[in-house]
Amino acid sequence: MSQKVNLKAYFDRIGFAGSIAPTLATLEAIHALHPASIPFENLNPLLGLPVELDLDAIGRKLLAERRGGYCYEHNLLLMAVLRELDFTVRGLVASVLWNRPEPHEGPPTHMLLAVDISGATYIADVGFGGMTLTAPLKLKADSEQSTPHETFRLTGGDPAWTLEARIGQEWKPLYRFDLTEPSQADYALANTFLSTDPQSPFRQELRVALSPSGQRLALRNNRFSIHAAGAPSEVRDLASVAELREVLSSGFGIQLPDADQLDPALETILSAAATTAS
């Protein structure tokens, strides 16, 4: 994969205009803006289209075409940007625990980043859907760390770390990882499963998320949720293809694929939701 990225296109996409020095402040600014501007979405797997992990394809899709993507696309793009800015960064993989029955732990299919700054390591992750980080976290055990959204903590270490989020009064596990750097082949294998296997959740459900300041927007199949800090969540079920298209384009800012590709998949989502509700 090429290591060059169009920094101007990326900065324009996320609305970044600050210092590009490889400092924690720069990382924090980029990390807040990225998930507020580029949506998490799985339209390609849902439509049976490939998810390409070379940087040219990621840049074309997420920047030029104003689409979104899932963890590999988001975090490979961020890794390339950070390397262009002279950060020391490496990719990691994690096993997802979020919304899974304990003690079930799936295979390591999620990607995140480790960034080294001034002798400390930080975890960065702009691709975990509705619970994606909006700030880097210092790799330090049992320390509550605030972000522009939830409070998080890392537990364990030596070698396995668990990322947890405070939801209400409870700590909920998101994923487990260690600091072993995988190969590109490892990413490619997991990406093939997530994007093509009939058992992959990204082939079965519509999942979209965006994290602007003070809010989290989420769409799972036809259920659209707005979670705002300090306010009750707004939840509504979308009842038509037109409503789904409107939320995807206006709510999440996605430049939609052609209707002849997208609309049949949205019809299937609506039919499945109606069957489940009946």
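Residues numbered from 1 in each chain as written. Predicted model: local features only at pLDDT ≥ 70, side-chain atom pairs only at ≥ 80, totals over all residues. Heavy atoms only, no water.

Draft legend 1. Seen up close, helix H6 (residues 184-196). An ideal rise of 1.5 Å per residue puts 18 Å on 13 residues; H6 measures up with 18 Å between its terminal C-alpha atoms. Within the sequence span of H6, burial applies to Tyr187, Ala190, Asn191, Leu194 and Ser195. Seen along its axis, H6 keeps its buried residues to an arc of 125 degrees; they face one direction. Facing away from the buried side of H6 by over 90 degrees, the exposed positions are Ala185 and Leu189. The secondary structure elements touched by the buried residues of H6 are helix H3 (43-46), helix H5 (71-84), strand E2 (88-96), strand E3 (108-117) and helix H7 (201-204). (Helix = DSSP H or I, 4+ residues; strand = E, 2+ residues; numbered from the N terminus. Expected span 1.5 Å × (residues − 1). Buried < 20%, exposed > 50% of the residue type's maximum accessible area, 1.4 Å probe, protein only. Arc of directions from axis to C-beta. Contact = heavy atoms within 4.5 Å.)

Draft legend 2. Here's a closer look at the pairing of strand E7 (residues 151-157). Taking burial as the measure, the 7 residues of E7 include 5 buried ones, the bulk of the element. Of the pairings in the sheet, the one linking strand E6 (residues 145-146) to E7 comprises 2 bridges and is antiparallel in character. The residue of E7 that forms the bridge with Ser146 is Thr151. Where E6 folds back onto E7 in an antiparallel hairpin, the turn is made up of 4 residues. (Pairing = 2+ DSSP bridges.)

Draft legend 3. Structural detail: the nonpolar core. Counting 43 residues, the largest nonpolar core has Tyr10, Tyr72 and Leu77 as the members making the most contacts within it. Secondary structure elements with two or more residues in this core: helix H1 (7-14), helix H2 (24-37), helix H4 (55-64), H5, E2, E3, strand E4 (120-124) and H6. Per element, the largest residue contribution to this core is 9 residues, and it comes from H5. In this structure, Tyr72 is in contact with Leu53, Ile58, Pro108, Thr109, His110, Met111, Tyr187, Ala190, Asn191 and Leu194, ignoring residues within four places of it in sequence. (Core = buried A, V, L, I, M, F, W, Y, C linked by side-chain atoms within 4.5 Å.)

Draft legend 4. Here's a closer look at the packing of aromatic side chains. Enumeration according to the criterion identifies 9 aromatic pairs in this entry. Note on Phe40 and Phe202: the rings are 6.1 Å apart at their centroids and 55 degrees apart in plane angle, and the pair reads as tilted. In this pair, Phe40 is assigned in strand E1 (residues 40-41) and Phe202 in helix H7, connecting sequence segments 162 residues apart. The exposure classification of Phe40 matches that of Phe202, with both residues buried. When the ring of Phe128 is compared with that of Tyr175, the centres are 5.1 Å apart and the planes differ by 75 degrees; the resulting orientation is edge-to-face. Taken together, the residues Phe128 in the loop between E4 and strand E5 (137-138) and Tyr175 in strand E9 (residues 170-177) connect sequence positions 47 residues apart. Tyr175 shares its class with Phe128; the two are buried. By the ring-pair criterion, three or more aromatic residues cluster together here, those being Phe40, Tyr70, Tyr72, Tyr187 and Phe202. (Phe/Tyr/Trp six-rings, centres within 6.5 Å; stacked < 30°, edge-to-face > 60°.)

Draft legend 5. Inspection of the sheet that holds E4 at higher detail. In space, the 8 strands of this open sheet follow the order E5-E4-E3-E2-E9-E8-E7-E6, with antiparallel pairing throughout. Bordering the open sheet on either side are E5 and E6, each of which pairs with just one other strand. Sheet topology note: the E2/E9 ladder contains 3 bridges and is antiparallel. When the bridges of E9 are listed, Ala94 appears paired with Phe177. Across the sheet, H5 touches E2, E3 and E4, and the angle it forms with E3 is around 20 degrees. (Axes fitted to C-alpha atoms, helices over the stretch in contact; angles between N-to-C directions.)

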